[in-house]
Amino acid sequence: LLAALSYQESHWKADAVSFTGVKGLMMLTKNTAKEVGVTNREDPKQSIYGGAKYLSNLFKRLPSDIKGEDRFAMALAAYNQGLGHLSDARILTKRMGGDPTKWNDVRKYMPLLAKKQYYTKAKHGYMRGWEPVKFVDNVRNYYKIISWHQDQQEFRLATAKQDKDRLSASNDNKKSDNSLAYSLL
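Residues numbered from 1 in each chain as written. Predicted model: local features only at pLDDT ≥ 70, side-chain atom pairs only at ≥ 80, totals over all residues. Heavy atoms only, no water.

(A) Just the packing of helix 3 (residues 44-61) against helix 4 (residues 68-81), in detail. Running from amino to carboxyl end, helix 3 crosses helix 4 at an angle of 125°, the nearest separation of the two axes being 9 Å. Here helix 3 lies oblique to helix 4, going by the angle between them. Viewed along their axes, helix 3 and helix 4 form a crossing whose handedness is right-handed. When helix 3 is examined against helix 4, the residues Gly51, Tyr54, Leu55, Leu58, Phe59 and Lys60 are found in contact with a partner set consisting of Arg71, Phe72, Ala75, Leu76, Ala78 and Tyr79. Of the residues belonging to the contact of helix 3 with helix 4, the class tally is nine nonpolar, one polar and two charged. (Axes fitted to C-alpha atoms, helices over the stretch in contact; angles between N-to-C directions. Helix = DSSP H or I, 4+ residues; strand = E, 2+ residues; numbered from the N terminus. Parallel < 35°, antiparallel > 145°, perpendicular 65-115°, else oblique. Left-handed = near helix turned anticlockwise from the far one by under 90°. Contact = heavy atoms within 4.5 Å. Nonpolar A, V, L, I, M, F, W, Y, C, P; charged D, E, K, R; others polar.)

Right, dumping it as structure tokens:
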């Protein structure tokens, strides 16, 4: 998951910097870095540790009525835009008749917070509401790709070991057959 999140954030470039000033593999803000104990956002080890701790903190701070995959998706959305904007999106979702505990509902209304008629009524104001929707989709897709690649690598290693074991057993049988033939002579 952290590899997928880091790829989405920085394409695994430790010195990445965005136009908003976030930096590093996990694209931490100065305030977030300070909150999670990161002193150098461009240090890969610190950045990954900080991003993991921040995501974990967000996950824990979400309301308890958000469960399972919805909780995971909303934690990712909050990682991207902050808990305040996620809260605004959940309030808007409820106001529009959706379920604020379901990501599929929240994701429909979140982009509206980029429109003046909606963000002027939101506590945290304007947000690029389409970004966390795309962000969550991308992280999930990268996760699937990385998991698939890892499964393929494990399969290749297991297959190679089986082939090596079969070859070794076959060679042992040939030696045994040769030994038997020599003993009969």
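Still more to cover.
(B) Examining helix 5 (residues 83-95) more closely. Taking 1.5 Å of rise per residue, the 13 residues of helix 5 would be expected to cover 18 Å, and the 18 Å separating its terminal C-alpha atoms lies within 8% of that figure. Among the residues of helix 5, Gly84, His85, Leu86, Asp88, Ala89, Arg90, Leu92 and Thr93 are the ones counted as buried. Contact partners of the buried residues in helix 5: helix 4, helix 6 (103-109) and helix 7 (116-119). Just downstream of helix 5 lies glycine 97, where phi reads positive at about 95°. (Expected span 1.5 Å × (residues − 1). Buried < 20%, exposed > 50% of the residue type's maximum accessible area, 1.4 Å probe, protein only.)

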